[in-house]
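Below are the chains, spelled out letter by letter.
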Amino acid sequence: MEVLQLLLDGVWAALQPVNLGLAFLGVVIGLLVGAMPGLGSVNGVAILLPFTFVIQQLTGTVSSPMIFLAAIYYGAMYGGAISSITLGIPGASTAVATTFDGRPLALQGNADRALVIAAVASFIGGTIANLLFTGAAPLLATVALRFGNPEVFALMLLAFATFVGLGGDDIPKTIVSICFGLVMSSVGFDIISGAPRLLLFDSTEWFSRGIQFLVLAIGVYGIGEMLWTINSTSNDIKMASAKINLRRVFRALLWMRKCWKGTLIGSFLGFFVGILPAAGATPGALMAYGVTKMVSSRRRHFGSGEVDGIAAPESANNSASTGAMLPMMTLGIPGSPTTAVLLAGMVIWGLTPGPLLFTDSPDFVWPLIGSFYVSNVIAVLVNLACIPLFIRVLRMPFTILAALIFVLSVVGTYAAYQNMYDVWLMMFFGIGAFLLRILDYPLAPAVLAIVLGPIAEPTLRQSLLLSDGSWMIFIERPIAGPITICAIVLMLLPLLGLIRRKFRAMRD
Amino acid sequence: MRVAEFVAALAIALFSVYLMWKSGEGPSWDPNATRFANIGINVNNEGPGSGFWPFWLSLAMLVSSVVIMVNAALRRTPQSRSEERYLDARGKRMFVLVGGGLLLFLALIETVGFYGAMPVFLFAYIRYLGRHPWWLALLIALVVPIFCFFFFDIAMRIVLPKRLLEPLFIPLYEIFL
């Protein structure tokens, strides 16, 4: 019952006017970035992270800036559906599966029904995930308290192995992306011996402070992805009209009875997929869609406007976004690019992510968890109330939006580090990211790697110091062993697939 | 696409080699440090050296980029089989205009500061790339920098560089700070 008391205190803290206002603002921003094609939660969070220093300064707490960013994350999961349904292009990758049935339903003139179901399913998914999170997080943190360096490194290895094994991208390219991020994180000076190292091009002005995480993240998500979106989208998009009023909302709510199955599958499946490092909300939503279609008796109607096909991915992406917070908060390992940014934010605000967070900073953890519940309610209300407004904003031309985002990225990078070198570096990373993005290099692993690098390197080196240079330490320790073996199996998974295909080809 | 795939991988490979070479460097205060003495797993019985992490990861990057080059040469990936151009004419124009515009924006910041460069960039982008009416472009080009000034310089006390335009801001500082 102690958890219940802590949770109630947390909800109470989240309901304080400042936090409530921040959650509201965050949800609105999140809904907008989520709804804008080309922008997702990660862009919103990365570009706005520098601005949270003000919130920290003004409120004097670390939980308030986090509540703001988490609300953006949350809102974006709702917002993605709006453009998936009305424009037929996903507002964020997490809402790809929502287009499968949401768009057909909208073209049949039932955009309101699709939007309401998406919002309500998102709410249910978020609520179920919050309950699971509240139950599991303190337990997991207690277990993780016993982790030493080898265990933490084994977990890092697992995070990268999931990218290689399950990422679905070209494997050598994924490895390049991971290694690039990890090496860039080690530029500047050696954390253990204090010796300067990797001063690229022998320039102390540029590299002696190391490469800041936000420089890469804003470069990739503020510049690179924007250039890519400008390059790959054309401007002729047909908008389905949606009229919403109270009566239509209630009528649409009745349809929820028909999609409880998809909602439940999405809520639970999404949460567990979200926990896996490197998986996150996008595969969670796609899997929920697939499983719901598989078990549905109306399987044949999927793809032509089936309500279950909207409820499943929408509940799943919300649920997964909460699930992704679980390893971030308890183990210090992000489960998605967005949580990687949140994790980096926590470090910047002076927190140490990891199991100690629950015992050392309960005044951070519980208001944040409380805010998940509060933001979820705000998000569904704002979403239902403002759908017509969002649809109007979606008509904002991309040429204006892009210009604003470019300016925001440049100003944000400067404000974070107050240094023009970092701004130039951000721009070079952004342009490089665009050039590689066309060739399908996955960029999220690099962003995750530059966050995890400063944790992974010391844990690896201290483990090897402990073992006099023997790698067996990662296999022999009781908790690290199974995790390492899982990681190795995951990394070998694509190789097995390759061998099987070769074998089959030979037999034919 | 195939040529681009190959060239990109080659560039990454060369960069990896450079990173490996750089990782082996000893600290600058120790002229006697031999290159690559710091990449071992147990240097002087003090565990892995300072170059251990970046060196071996750069090697992994090098190996991966060589695999990408081989894949591209043998047409094994969808990109290397694609007959599409890396950037079509429209894409190239976009890249030169937007990418070049962004670099010019930064160069302008270095000379006339944020508040000189922002209106120019915003107006040029919205009016000439976006082809929006000039009054809208002008409105955004003026509102955004004014908002930024009050948000950063006044509220947050993060002073954005003004460079050549510094003198113009002195009266404003006197009023608001």
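Residues numbered from 1 in each chain as written. Chains lettered and ligands numbered in written order. Predicted model: local features only at pLDDT ≥ 70, side-chain atom pairs only at ≥ 80, totals over all residues. Heavy atoms only, no water.

A.B. asks: Honestly, the environment of A:F268 in this entry has me stumped. Any pointers?
C.D. replies: All names here are of chain A. Inspection of the secondary structure puts F268 in helix α12 (residues 260-275). F268 sits in the partly exposed class, given a relative accessible area of 40%. Separated by 16 residues in the primary sequence, F268 and G284 have C-alpha atoms spaced 9.9 Å apart. Residue contacts for F268: discarding those within four places in its chain leaves I128 and L132. (Helix = DSSP H or I, 4+ residues; strand = E, 2+ residues; numbered from the N terminus. Buried < 20%, exposed > 50% of the residue type's maximum accessible area, 1.4 Å probe, protein only. Contact = heavy atoms within 4.5 Å.)

A.B. asks: Would you explain the nonpolar core in this entry?
C.D. replies: Note on soluble globular proteins: their nonpolar side chains tend to be buried together. Counting residues in each nonpolar core, the largest one holds 214 residues, and the members touching the most others are A:F133, A:F213, A:F406, A:V410, B:F114, B:M118 and B:F152. Sequence-distant contacts of B:F114, that is, excluding residues within four places in its chain, are made with A:V410, A:V411, A:Y414, A:M420, B:I109, B:P119, B:L160 and B:P161. (Core = buried A, V, L, I, M, F, W, Y, C linked by side-chain atoms within 4.5 Å.)

A.B. asks: So what exactly am I meant to see when it comes to the side chain of A:T484 here?
C.D. replies: Residues and elements named next belong to chain A. In this structure, T484 sits in helix α22 (residues 480-507). Here T484 falls in the buried class, since its relative accessible area comes to 4%. Other than its neighbours up to four places away in sequence, T484 contacts A154, L157, F474 and I475.

A.B. asks: Explain the domain arrangement of chain B to me, please; I cannot follow it from the model alone.
C.D. replies: Many authors give the size of an interface as the accessible area that is lost as the parts come together. Per the domain assignment, the segments of chain B are domain 1 (2-81) and domain 2 (89-176). Centre-to-centre separation of domain 1 of chain B and domain 2 of chain B, based on C-alpha positions: 39 Å. (Domains from an automatic or database assignment.)

A.B. asks: What's the story with the packing of aromatic side chains in this structure? I'm lost.
C.D. replies: Two numbers describe a pair of aromatic rings. These are the distance of the centres and the angle of the planes. Under the defined criterion, the tally for this structure stands at 28 aromatic pairs over all chains. Ring centres of B:F149 and B:F169 lie 5.7 Å apart, and the angle between their planes is 40°; this geometry places the pair in the tilted category. Taken together, the residues span a long stretch of sequence, with B:F149 in helix α5 (residues 134-156) and B:F169 in helix α6 (residues 166-176) at a distance of 20 residues. Given the relative accessible area of 5%, B:F149 is considered buried. Relative accessible area serves as the criterion here: at 10%, B:F169 is assigned to the buried category. Through pairs of rings, three or more aromatic residues link up here, namely B:Y115, B:F149, B:F150, B:F169 and B:F176. Sitting over the face of the ring of A:W255, A:K258 holds its NZ or CZ atom 6.0 Å from the ring centroid. Looking at B:K162, its charged tip hangs above the ring of B:F169, at a distance of 5.1 Å from the centre. (Phe/Tyr/Trp six-rings, centres within 6.5 Å; stacked < 30°, edge-to-face > 60°. Lys NZ or Arg CZ within 6 Å of the ring centre and 35° of its normal.)

A.B. asks: Which parts of the structure should I look at to understand the packing of helix α18 (residues 398-417) of chain A against helix α4 (residues 89-129) of chain B?
C.D. replies: Between two packed helices, both the angle of their axes relative to each other and the distance between the axes serve to describe the pair. Across the interface, α18(A) lies against α4(B) with an axial gap of 8 Å and an inter-helix angle of 165°. It follows from the interaxial angle that α18(A) and α4(B) lie roughly antiparallel. Between α18(A) and α4(B) the crossing geometry is right-handed. Residue-level inspection shows A:T399, A:I400, A:A402, A:A403, A:L404, A:F406, A:V407, A:V410, A:V411 and A:Y414 of α18(A) in contact with α4(B), the latter providing B:V98, B:L102, B:F105, B:L106, B:I109, B:F114, B:M118, B:F121, B:L122, B:Y125, B:I126 and B:L129. (Axes fitted to C-alpha atoms, helices over the stretch in contact; angles between N-to-C directions. Parallel < 35°, antiparallel > 145°, perpendicular 65-115°, else oblique. Left-handed = near helix turned anticlockwise from the far one by under 90°.)

A.B. asks: Could you clarify how one ought to interpret the side chain of A:S409 in this entry?
C.D. replies: Following the sequence through the fold, A:S409 ends up in helix α18. With sequence-adjacent residues up to four places away left out, A:S409 is seen in contact with A:I47, A:I218, A:G222, A:I223 and A:M426.

A.B. asks: In this structure, what is going on with empty space enclosed by the protein? I would like to understand it.
C.D. replies: Once rolled over the atoms, a probe with the size of a water molecule shows which space is left empty. All names here are of chain A. The tally for this structure, following the rule as stated, stands at 1 cavity of 30 Å³ or more. Space inside the largest cavity adds up to approximately 30 Å³. Forming the walls of the largest cavity are Y78, A81, I82, L115, A118, A119, S122, N383 and I387. Of the residues forming the lining of the largest cavity, the biggest block, 4 residues, is contributed by helix α6 (residues 96-144). (1 Å grid on protein atoms, 1.4 Å probe; cavity = no way out; pocket = protein on both sides within 12 Å on 5 of 7 lines; lining within 4 Å. Points joined across faces, edges and corners; volume = space filled by probe spheres on them.)

A.B. asks: I would appreciate a short explanation of the environment of B:F6 in the present structure.
C.D. replies: All names here are of chain B. Here F6 shows up in helix α1 (residues 2-23). Residue F6 is classed as partly exposed on the basis of its relative accessible area of 34%. In this structure the C-alpha to C-alpha distance between F6 and L139, which are 133 residues apart in sequence, comes to 45 Å. Contacts of F6, omitting those with residues within four sequence positions, involve M69 and A72.

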